[in-house]
Structure formats: structure tokens, C-alpha cells
Amino acid sequence: MGIVQWEDDLELRIPDLDRQHQILIELTNAFYHAYQEHRENEELRRRFLQLQEALVFHMDAEEALMQTSGFVGLAAHRREHIMLKIQLEKLYDKLSGRDHSAAADLLQILQDWLTRHIREMDRKYVVYMMGKNLAVHLPQMVQVDESSP
Ligand SMILES: [Fe+2]
Ligand SMILES: [Fe+2]
């Protein structure tokens, strides 16, 4: 069982978007399992970077979409993205300094962030775009092979 579960109310009914959110949850859970199993710092850092890269890719794709559609809530939404990016950078530095409390902190932040941000912030622009009949397409996120060492 992962630390973050995909729940029906996380589904925004936009396949591209839902798929990316599912991948982010899968990566978070993969990181969680590695942490639970006391994997080496190097593996934790590798999984952290994978997760960070996917999160940044996803947030940038969302922002580009909101920008082109003229969504007025872009600034507030971007602020939440930026806050998370800053937190991720700080936590990665901490983890690189072999402070494993960074892994627990990351999981706690993402557990809350992924679900609340999707339910509240992402839903807002999806509602806006659907109201305007705008198509929501996101560039494809690199699929992660979880079996990789
Ligand atoms: Fe999102
Ligand atoms: Fe977002």
C-alpha cells in the first residue's frame, strides 16, 4: 500500500492530466517504499530526482496551458507551484547531506500537497477550461520504469 492513494475525486476527467497525476502518485509511492525499506541514500536521491523532475515537468506544462488559455487564476496557481519547487530544492540539499529526515518531510509534504492541490487548485482551471470548451492537452511525461535499479 502506498502513502498516497488515487481516489475517485482526484480524477478531473481530463485523460492527459489524470495520467500525469497518477504517475506523480506512483513515483511518490515508489519513493515511500524505498524509504520504508531503508534503501541507501544514493537510491533515495535518485528516486527523489526522478520525482522532482516529473513534478517540475507537470507544473510547467500546467502553467503553459493556463497561460495560453488566459486563465485569471494563473498567478495564484503558479505561486503554489513555486513554493513546492523551493521546498523540493531545500529537501534535496538536506537529503544529499545524508539527513534522512528530508525523506520523511518530502513524503509528508507530498501526501498533503498532491491531494489538496489537485482537488482545489487544478480543479479550478479544469472547470474554467471546460466552461470555455477549451481542450486540455499536455505534453507526454516520460514514463518511468519502476523496475529499474
Ligand atoms: Fe497538477
Ligand atoms: Fe497545479
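Refer to the structure printed above.
Residues numbered from 1 in each chain as written. Chains lettered and ligands numbered in written order. Predicted model: local features only at pLDDT ≥ 70, side-chain atom pairs only at ≥ 80, totals over all residues.

S.K.: For this particular structure, what's the right way to read the environment of Arg-45?
M.R.: Among the structural elements, Arg-45 can be located in helix α2 (residues 41-69). In this structure Arg-45 comes out as partly exposed when scored by C-beta crowding, with 16 C-beta atoms within 10 Å. C-alpha of Arg-45 to C-alpha of Asp-18: the two residues are 27 residues apart in sequence and 26 Å apart in space. With near-sequence residues (within four places) excluded, Arg-45 lies in contact with Leu-95 and Ser-96. (Helix = DSSP H or I, 4+ residues; strand = E, 2+ residues; numbered from the N terminus. Buried ≥ 20, exposed ≤ 12 C-beta atoms within 10 Å, placed from the backbone. Contact = placed C-beta atoms within 7 Å.)

S.K.: What is the right way to look at the nonpolar core in this model?
M.R.: It is characteristic of soluble globular proteins that their nonpolar side chains tend to be buried jointly. In terms of nonpolar packing, the biggest core is built from 20 residues, with Phe-48, Leu-95, Leu-106 and Leu-114 touching the most fellow members. Elements represented by at least two residues in this core include exactly α1 (15-36), α2, α3 (74-96) and α4 (101-131). Here this core takes seven residues from α4, the largest share from any one element. Those residues in contact with Leu-114 that lie beyond four places of it in its chain are Val-4, Leu-24, Ile-25 and Thr-28. (Core = buried A, V, L, I, M, F, W, Y, C linked by C-beta atoms within 7 Å.)

S.K.: Would you explain the environment of Tyr-32 in this entry?
M.R.: With respect to the helices and strands, the residue Tyr-32 is situated in helix α1. In this structure, the C-alpha to C-alpha distance between Tyr-32 and Val-4, residues 28 residues apart in sequence, is 9.3 Å. Setting aside anything within four residues of it in sequence, one finds Tyr-32 in contact with Gly-2, Ile-3 and Leu-107.

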